[in-house]
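Residue-level structure breakdown
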Amino acid sequence: MYRIHLSQSGKGYEAQRIMVLLLGTFIYAVGINFFIVPAGLYTGGVLGLCQLLRSFLTSVVGLRFGSVDVAGILYYLVNIPFLVLAHKLMGKLYFAKTILGITAESVFLVLLPIPKQALVDNRLAAALIGGVICGAMMGLMLRMGACDGGMDLIGVLIVHQRNGASVGHANLYVNIVVFAIMAFNYPIDILIYSLFSAFVTSYALDRFYSQNIKVEFHIITQQDVEALEKSIIRELRRSVTRWEGKGGFSGNDVNILYVIVDKYEAPRLRRLVREFDPDAFVVENSGVNISGNFEKHLE
């Protein structure tokens, strides 16, 4: 059983992120069930493979599932080996939130009814709207410290192995395999619109999850910073460089902390600093270039 140690404020912060995560999974399912599927299109990645398997089971094998879209169930089952991988390689909090995200997404995909008539008659519009919704919500899930599993989880692993890699690009490469299968079994218009939707999803994902941006912090305070250092190391798992200084105007002794974090870790660091010393002087510099050992985190 996992034990995740967080401060009281940290628990409140993570509770808010979990609520946003669940909302993101719901809106993602809306994009799939209300726009992509009614238009007869297919998404990419693991879910796209599950949709192809669902179509095979219904049209070739002859199975009938009523009003239930079994793609969501298949998606959950296929993700089990990826969850095993996450268990071995990811942080405890990231793993827990990823399980929650995959479960919620699968449930919403199964429970949300697919309209018998498409909400948008034009397939190009459906591909565009559905792609934007799905990509944005996938990016939102990543920002909340989780992902919806499957190839997105593999994409995050790639990003955290290679500087400058892109989650959206990794996902797009996998889509090539999915759509190669479609090319031999589906009409060309379905293939083209599905490819367009996958491209829009990939683009929206990268816009909402700029995972390679680094933020530089200089924190100047007159307080003893040992407790703050420990909080940063424990909650953010980031190293801290400290030196002593003297105020040029006041002549008072000060402590200066230097920290580099990812863009989406920056709000957590600001919270820790303000809780420690509301009067601390903080200088931020976004988009700094780093060479050397900077560890990428999956929370």
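Attention in this report is confined to the structure presented alongside it.

1. Here we look at helix 2 (residues 45–61)
Between its terminal C-alpha atoms helix 2 stretches 23 Å, which fits the 24 Å expected from 17 residues at 1.5 Å a residue. Within helix 2 the residues assigned to the buried category are Gly 45, Val 46, Leu 47, Gly 48, Cys 50, Gln 51, Leu 52, Arg 54, Ser 55 and Leu 57. In the segment just after helix 2, Gly 62 is the residue with positive phi, at about 90 degrees.

2. Observations concerning the pairing of strand 2 (residues 241–246)
As judged from the six bridges shared by strand 2 and strand 3 (residues 253–262), these two strands associate in the antiparallel manner. Across the sheet, the residue bridging to Thr 241 is Tyr 258, located in strand 3. Where strand 2 folds back onto strand 3 in an antiparallel hairpin, the turn is made up of six residues, including Gly 251, whose phi is positive at roughly 75 degrees.

3. Regarding the packing of helix 2 against helix 3 (residues 71–78)
Between two packed helices, both the angle of their axes relative to each other and the distance between the axes serve to describe the pair. Their axes nearest at 9 Å, the elements helix 2 and helix 3 cross at an angle of 125 degrees. What the angle tells us is that helix 2 and helix 3 run oblique. Helix-helix and strand crossings are classified by hand; for helix 2 and helix 3 the assignment is right-handed. Note on element contacts: helix 3 touches helix 2 through Ala 71, Leu 74, Tyr 75 and Val 78, opposite Val 46, Leu 47, Cys 50, Gln 51, Leu 53 and Arg 54. In terms of residue class, the contact of helix 2 with helix 3 is built from eight nonpolar, one polar and one charged.

4. A look at a nonpolar patch on the surface
Taken together, the side chains of Leu 53, Phe 56, Val 60, Val 61, Leu 63, Phe 65, Val 68, Ile 73, Leu 77, Ile 80 and Val 84 make up a nonpolar region of the molecular surface, amounting to roughly 900 Å² of accessible area. Of all the secondary structure elements, the ones that give two or more residues to the nonpolar patch are helix 2, helix 3 and helix 4 (80–89). No other element matches the four residues that helix 2 contributes to the nonpolar patch. Structurally, the position occupied by Leu 77 is in helix 3.

Reading the values: the criteria
- One numbering rule holds for all chains: residues counted from 1, following each sequence as written.
- Totals for whole chains, interfaces and linings use every residue, but because this is a predicted model, local features are given only for residues with pLDDT of at least 70 and side-chain atom pairs only at 80 or more, for both listing and counting.
- Note: side-chain values were computed over all heavy atoms of the structure, leaving out hydrogens and water.
- By definition, any uninterrupted DSSP run of H or I lasting at least four residues is a helix, any uninterrupted run of E lasting at least two residues is a strand, and each is numbered from the N terminus.
- To estimate how far a helix should extend, the number of its residues minus one is multiplied by 1.5 Å.
- Using a 1.4 Å probe on the protein chains alone, a residue whose accessible area is under 20% of its type maximum counts as buried, one over 50% counts as exposed, and one in between counts as partly exposed.
- Here, any two strands with at least 2 DSSP bridges between them count as paired.
- Here an angle of 0 to 180 degrees is reported between the N-to-C directions of two axes, which are lines fitted to C-alpha atoms, with helices fitted over the stretch in contact.
- Here is the rule for angles: anything less than 35 degrees is roughly parallel, anything more than 145 is roughly antiparallel, 65 through 115 is roughly perpendicular, and the remaining ranges are oblique.
- Left-handed describes a crossing in which the near helix is turned anticlockwise from the far one by less than a right angle; the clockwise case is right-handed.
- What makes two residues a contact is simply this: any of their non-hydrogen atoms within 4.5 Å.
- Side-chain classes are defined by residue name, with Ala, Val, Leu, Ile, Met, Phe, Trp, Tyr, Cys and Pro counting as nonpolar, Asp, Glu, Lys and Arg as charged, and the others, Gly among them, as polar.
- Patches were defined on residues exceeding 30% relative accessible area and lacking a salt bridge, with like-charge contacts within 9 Å and nonpolar side-chain contacts (Val, Leu, Ile, Met, Phe, Trp, Tyr) within 5 Å.
- Only the protein chains shown count as cover for residues, with accessible areas throughout obtained via the Shrake-Rupley method and a probe of 1.4 Å.
- Only one rule defines a salt bridge in this text: a Lys or Arg side-chain nitrogen within 4 Å of an Asp or Glu carboxyl oxygen.

By themselves, these are just geometric observations and shouldn't be taken as functional.
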